[in-house]
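As a plain string of letters, each chain reads:
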Amino acid sequence: MSSALLRNPVRRAAVAGIRATPRANAGFRASFRHNSTAAPTPKKSNTGLFLGIAALAVAGGGFYYLNAANEAGSANAGAQAKANFVPTRDDYQKVYNKIAELLDEAGEYDDGSYGPLILRLAWHASGTYDKETKTGGSNYATMRFQPESLHGANNGLNIARDLMEKIKKEHEWISYGDLWTLGGVAAIQEMAGPKIPWRPGRVDGFAADATPDGRLPDATQGAAHLRAIFGRMGFNDQEIVALSGAHALGRCHTDRSGFTGPWTFSPTTLTNDYYKLLFNETWTWKKWNGPKQLEDKGTKSLMMLPTDYVLVQDRSFKKYAKAYADDVNLWFKDFSKVVATLFELGVPTEQFAAKEPWIMKTLEEQKA
């Protein structure tokens, strides 16, 4: 049975009244921060592989560029050049649709959806940005390369990259950075979350552009660590707490992070239950041989990481977490804004195909 059939009734019940959340307007979209890295330049290599000439031409809402051929021998640039293809907004909507359909092909995987996994790929591909050195971020899709692909924080994301490779083969013209972040947008929106403004323009870089280990959060740490990691990307306390709400989705695995269990009772539907549970449940340290994590005292089936629990311990974090626990529409608004910013980290403004971000339609909206 399709997991969509199982989840949709739950979603409708969980998000009654939430769909009225206002979409981001032009003024809001124009307020995005444009933190960026420079476009990639060819690196010397013993393999003799080269970077295709990148050309961005914004026209009619679409753009054309030759993808950067990676050092492992990517054939994407040739595929784009052969067709002289100028993708439009409709072409990106078709890619979105393919991703959305893929999410429900998970079968027995986790809770019946690839959504949380695809969202994690988009987040980890974007969350390596360093505002001081202007390196990292979603622009170069460097998780394709070692050692970044082997960083501990990226354990298990080879599954997500392999899934997205299926979409890439059908749409060779799209860059990996655009594909992965569009996947994050689709995952959020198809799992009953808010609209996430998005636009294309990322290009693929070299293995030499890969970021060092340690740029993603360490779940065993506390408030100072969160501020250091997210502050490096340019985020403040409110944005840190808003982003943390994505833990309403998915679960941890002992063979990846070492932790185990879901954060909420509905890990494939995006709600503000993550915040509610932090305040309403009694959390105790789990007695087991794994890393330190908390479990709910009542059912012992849910978990929270040390970096989750700090949101109700730190005074500044706590006020935002409480506000989001009390008002899902407030969280959806703030979450939409901060995720859109996250997915654009590292991308020079001039690369974008559109001046203003787009709102992609969900599969359900397209059937109406």
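This one's a predicted model, so the numbers in the text were calculated from it and none came from an experiment.

**Q** Can you walk me through the overall build of the protein in this structure?
**A** Looking only at helices and strands, the protein has 14 helices and five strands in total. Relative to its 368 residues, the protein shows a buried fraction of 57%. Pairs at least 24 residues apart make up 74% of the contacts formed inside the protein by residues separated by at least 6 positions. For the protein, the computed accessible surface area is about 15800 Å², with 52% contributed by carbon and sulfur atoms.

**Q** Explain unusual backbone geometry here, please?
**A** Negative phi is the rule for most residues except glycine; trans is the rule for most peptide bonds. Gln146 connects to Pro147 through a cis peptide bond whose omega is 5°. Mapped onto the fold, Pro147 is located in the loop between α5 (115–126) and α6 (157–170). In this model, Asp110 sits at a positive phi of 45°, which is unusual for a non-glycine residue. As for its position among the elements, Asp110 is in the loop between α4 (89–103) and α5. Classification of Asp110 as partly exposed rests on a relative accessible area of 33%. Of note, the phi angle at Lys134 is positive, near 55°, even though the residue is not glycine. On the secondary structure map, Lys134 appears in the loop between α5 and α6. On the basis of relative accessible area, Lys134 is assigned to the partly exposed category, the value being 41%.

**Q** Where do I start with the packing of helix α12 (residues 315–326) against helix α13 (residues 328–344) in this structure?
**A** The description of two packed helices rests on the angle between their axes and on the distance between the axes. Interhelical geometry of α12 versus α13 gives an angle of 120° and a closest axis separation of 5 Å. Here α12 is positioned oblique relative to α13, judged by the angle of their axes. Across from Ala323, Tyr324 and Asp326 in α12, the residues of α13 making contact are Val328, Leu330, Trp331 and Asp334. Classifying every residue of the contact of α12 with α13 gives five nonpolar, no polar and two charged.

**Q** Got a minute to help me understand the pattern of salt bridges in this structure?
**A** Side chains that differ in charge, positive against negative, can pair when their charged atoms come close. Summed over all chains, the structure comprises eleven salt bridges. Measuring nitrogen to oxygen at the nearest pair gives 2.9 Å for the salt bridge that ties Glu344 to Arg199. Separated by 145 residues along the polypeptide, Glu344 in helix α13 and Arg199 in the loop between α7 (176–190) and α8 (223–233) bring together distant segments of the chain. The same class applies to Glu344 and to Arg199, which are both buried. Its salt-bridge partner being Lys286, residue Glu295 comes within 3.7 Å of it at the nearest N-O pair.

**Q** Please explain the sheet that holds strand β3 (residues 283–285) as it appears in this structure.
**A** Hydrogen bonding along the main chain pairs the strands of a sheet, whether they run parallel or antiparallel. Across the sheet, which stays open at both edges, the three strands sit in the order β3-β4-β5 with antiparallel pairing between neighbours. The two strands at the open ends of the sheet, each matched to only one other strand, are β3 and β5 (303–304). With three bridges joining them, β3 and strand β4 (residues 294–296) adopt antiparallel strand pairing. Considered in β4, the bridge of Trp283 is made with Asp296.

**Q** Whenever I open this one, the packing of α5 against α6 confuses me. Can you help?
**A** Interhelical geometry of α5 versus α6 gives an angle of 100° and a closest axis separation of 9 Å. Our classification of the angle between α5 and α6 gives roughly perpendicular. Contacts between α5 and α6 involve Leu117, Ile118, Arg120, Leu121 and His124 from the former and Leu157, Ile159, Ala160, Arg161, Leu163 and Met164 from the latter. A breakdown of the residues in the contact of α5 with α6 according to their chemical character gives eight nonpolar, one polar and two charged.

**Q** Sorry, what's going on with the environment of Leu117 here?
**A** Take Leu117: it is sitting in helix α5. On the accessibility criterion, Leu117 (6% relative accessible area) is buried. Once the C-alpha coordinates of Leu117 and Ala187 are considered, the two residues, 70 residues apart in sequence, prove to be 8.7 Å apart. If sequence neighbours within four positions are ignored, Leu117 has contacts with Tyr109, Gly156, Leu157, Ile159, Ala160, Leu163 and Arg256.

**Q** Sorry if this is basic, but what is going on with the nonpolar core here?
**A** Nonpolar side chains tend to gather and get buried jointly when the protein is soluble and globular. The biggest cluster of nonpolar side chains holds 86 residues, and the ones touching the most others in it are Ile99, Trp180 and Phe230. Per-element accounting of this core gives the leading share, nine residues, to α13. For Ile99, the residues in contact, after removing those within four places along its chain, are Met164, Ile167, Leu179, Leu182, Gly183 and Ala186.

**Q** Mind showing me how you'd approach the packing of aromatic side chains here?
**A** Each pair of aromatic rings is reported with the distance of its centres and the angle of its planes. Summed over the entire model, instances satisfying the criterion amount to 13 aromatic pairs. Centre to centre, the rings of Trp198 and Trp358 are 6.4 Å apart; their planes meet at 65°, and the pair counts as edge-to-face. Placement of Trp198 in the loop between α7 and α8 and of Trp358 in the loop between α13 and α14 (363–367) is noted, with a sequence separation of 160 residues between them. Aromatic pair Trp331 and Phe332: ring centres 5.5 Å apart, planes at 55°, arrangement tilted. On the basis of relative accessible area, Trp331 is assigned to the buried category, the value being 0%. Through a chain of ring-to-ring contacts, the aromatic side chains of Tyr274, Tyr275, Tyr324, Trp331, Phe332 and Phe335 assemble into a single cluster. The ring of Phe317 has Arg227 lying over it, and the distance from NZ or CZ to the ring centre is 4.2 Å. Above the ring of Trp288, the side-chain terminus of Lys286 is found at 5.6 Å from the ring centroid.

**Q** Hey, could you run me through empty space enclosed by the protein in this one?
**A** Over the atoms a probe the size of a water molecule is rolled, and this reveals where empty space is left. One pass over the structure, following the stated rule, counts three cavities of 30 Å³ or more. One number sums up the size of the largest cavity: a volume of about 60 Å³. Grouping the amino acids of the lining of the largest cavity by side-chain chemistry returns three nonpolar, six polar and three charged.

What counts, and at which threshold
Residues numbered from 1 in each chain as written. Predicted model: local features only at pLDDT ≥ 70, side-chain atom pairs only at ≥ 80, totals over all residues. Heavy atoms only, no water. Helix = DSSP H or I, 4+ residues; strand = E, 2+ residues; numbered from the N terminus. Buried < 20%, exposed > 50% of the residue type's maximum accessible area, 1.4 Å probe, protein only. Contact = heavy atoms within 4.5 Å. Areas by Shrake-Rupley, 256 points an atom, 1.4 Å probe, with all protein chains shown as cover. Axes fitted to C-alpha atoms, helices over the stretch in contact; angles between N-to-C directions. Parallel < 35°, antiparallel > 145°, perpendicular 65-115°, else oblique. Nonpolar A, V, L, I, M, F, W, Y, C, P; charged D, E, K, R; others polar. Salt bridge = Lys/Arg side-chain N within 4 Å of Asp/Glu carboxyl O. Pairing = 2+ DSSP bridges. Core = buried A, V, L, I, M, F, W, Y, C linked by side-chain atoms within 4.5 Å. Phe/Tyr/Trp six-rings, centres within 6.5 Å; stacked < 30°, edge-to-face > 60°. Lys NZ or Arg CZ within 6 Å of the ring centre and 35° of its normal. 1 Å grid on protein atoms, 1.4 Å probe; cavity = no way out; pocket = protein on both sides within 12 Å on 5 of 7 lines; lining within 4 Å. Points joined across faces, edges and corners; volume = space filled by probe spheres on them.

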